[in-house]
Amino acid sequence: MDGVLSRLTLLEALVSRLIAGVDGDVGARVGANAEEGLQEAYSQVTGERNQLQQDKERLNKQVQELQRRLDELSAEAESLRQKPCQQTHTSQHENRPASGMYINPAYDSGNGSYQEMKAEVTEVPASQLIPEVNHSFTGCGELQSVGDPVLHRKADSITGKYGVWLQDPEPLGTLYTNKTVWRIDTVGKDVRQLFVYEDMEQFSKGFPMKVLVLPESVESTGAAVYRGSLYYQRRRSRTLIRYDLASETLASRLDLPHAGFHGQHPYSWGGYTDIDLAVDEQGLWAIYSTSKAKGAIVISQLDPESLEVKKSWETNIRKNTVANAFMVCGRLYTVASYTAPNTTINFVYDTAANAGRAVAVPFKNKYRYNSMVDYNHAQRKLYAWDNFHMVTYDVRLGRASQG
């Protein structure tokens, strides 16, 4: 519902601008742009309405299941209340053995009167009591869990409903560091502004140190920052651009072969998210689809200098059935829903094994409209843009499961 209301607000703003004539030349060009903008907005509102209807049906089923479980638990609780508690006569503190000890069942407490109690014990190795857990695991591995979202900033205007915000995991030079924050508000027809913040504190306060104007318009929320460059898709094209952040120049550009664009193969939330660029421990990736793949997700590893495709993998999951995707340690992970407050990361594809499988890692859309999810391997966090809110999630990796 929030998504629909925001879309309606955007439509009202567009109509007001058309009436006031603030879009530039009055005449055929304005009318054409207006019609195009209204058609795009209408298509997205229609898509959101259909998605909301599906979410409503799914939530109704969940409510019914929860009600059934509640009835069962209530009956079980009532049954437990009817059973008398068994009383013991031994001292709770005196009888308790040390942790890691096993009490011989042959021990008899006798008639319950006070006596000096000596438990016959046998030591059990701790490794048999506590399963091994890699709490300090720091290597590359599979995604085990995602923490709750932590809010860092909320956008102030409608242009910030969707966007992308990032930190460079491997910065080059001295001008910018891994603390520098980069942000693009992506609502609009000519998105070119790149806001630069000195660190997370200045970002949270809303004080940019600089605003860069990009040479080409940005398409949607699929940009990435890596090794001193901003990588993004040029609007209404399959062209990828590498923008050098230090020199503020266009360093390279190249078409992503056969990639769908501008609404041909987006994520389920729409937004022209046909090409999603991602970064992980193994480098720069593109997540997209082609007509040959018939809408299934294609993963390509890119050369970070030339943008040429080094290798590609075709998965068996349709791109428009998932809300978003990101790469971790050469593995693609997809998010099931962009609106459900409690959803899952539901699929993983391992490029090293050339195989994918279903998973169920809990994931929260706290603000119920998540339009961007990216991984930062230096911070070991997910960065997301959830309905005006810029958040991060801690992630935990573990050793790859066998089989």
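Every value quoted in this text rests on a predicted model; they were computed, and no experiment measured them.

A look at the overall build of the chain
Item 1. From N to C terminus, the chain includes four helices and 23 strands.
Item 2. For the chain, the proportion of its 403 residues judged to be buried stands at 43%.
Item 3. Considering only contacts within the chain whose residues lie at least 6 apart along the sequence, 52% involve residues at least 24 apart.
Item 4. In the structure as shown, the chain presents an accessible area of about 21,800 Å², 51% of it carried by carbon and sulfur atoms.

What about unusual backbone geometry?
Item 1. Phi at Glu248 is positive, roughly 55°, even though this residue is not glycine.
Item 2. Here Glu248 is to be found in the loop between strand S11 (239-244) and strand S12 (249-255).
Item 3. Unlike most non-glycine residues, Phe388 shows phi in positive territory, near 80°.
Item 4. One can find Phe388 in the loop between strand S22 (381-386) and strand S23 (389-398).
Item 5. On the basis of relative accessible area, Phe388 is assigned to the buried category, the value being 15%.

Here we look at the sheet that holds strand S20 (residues 355-364)
Item 1. Sheet architecture is open: four strands sit in the order S17-S18-S19-S20, paired in antiparallel fashion. The sheet is open, and its two borders are formed by strand S17 (324-328) and S20, each paired with just one other strand. Across the sheet, the mean angle from the axis of one strand to that of its neighbour is 25°, orientation sign disregarded.
Item 2. Of the pairings in the sheet, the one linking strand S19 (residues 342-350) to S20 comprises eight bridges and is antiparallel in character. Residue pairing across strands places Thr344 opposite Pro362, the latter belonging to S20.

Some points on the nonpolar core
Item 1. Counting residues in hydrophobic clusters, the biggest one holds 29 residues, and the most contacted among them are Leu230 and Leu245.
Item 2. Elements supplying a minimum of two residues to this core: strand S5 (163-166), strand S6 (181-185), strand S7 (193-197), strand S10 (229-233), S11 and S22.
Item 3. Counting residues per element, this core draws most heavily on S7, at four residues.
Item 4. When sequence neighbours within four positions are dropped, the list of residues in contact with Leu230 reads Ile184, Leu194, Leu214, Ala223, Ala224, Val225, Ile241, Arg242, Tyr243 and Leu245.

What about the side chain of Thr392?
Item 1. Relative to the helices and strands, Thr392 is located in strand S23.
Item 2. Residue Thr392 is classed as buried on the basis of its relative accessible area, which comes to 4%.
Item 3. Of note is the side chain of Thr392, whose polar atom sits 2.8 Å from the side chain of His152.
Item 4. Beyond its immediate chain neighbours, meaning those up to four positions away, Thr392 contacts Asp148, Pro149, Val150, His152, Trp165, Lys381, Leu382 and Tyr383.

What about the pairing of S12?
Item 1. Pairing between S11 and S12: six bridges, direction antiparallel. Looking across to S12, one finds that Leu240 is bridged to Leu254.

Regarding the side chain of Arg331
Item 1. For Arg331, the location among the structural elements is in strand S18 (residues 331-335).
Item 2. Residue Arg331 is classed as buried on the basis of its relative accessible area, which comes to 10%.
Item 3. Within polar-contact distance, the side chain of Arg331 engages the side chain of Asp350 at 3.4 Å.
Item 4. In contact with Arg331, not counting residues within four places along its chain, are Gly141, Glu142, Asp280, Phe326, Val348, Tyr349, Asp350 and Ala400.

Thresholds, definitions, all that
Residues numbered from 1 in each chain as written. Predicted model: local features only at pLDDT ≥ 70, side-chain atom pairs only at ≥ 80, totals over all residues. Heavy atoms only, no water. Helix = DSSP H or I, 4+ residues; strand = E, 2+ residues; numbered from the N terminus. Buried < 20%, exposed > 50% of the residue type's maximum accessible area, 1.4 Å probe, protein only. Contact = heavy atoms within 4.5 Å. Areas by Shrake-Rupley, 256 points an atom, 1.4 Å probe, with all protein chains shown as cover. Pairing = 2+ DSSP bridges. Axes fitted to C-alpha atoms, helices over the stretch in contact; angles between N-to-C directions. Core = buried A, V, L, I, M, F, W, Y, C linked by side-chain atoms within 4.5 Å. Polar contact = N/O pair within 3.5 Å; in protein donor to acceptor, adjacent residues only side chain to side chain.

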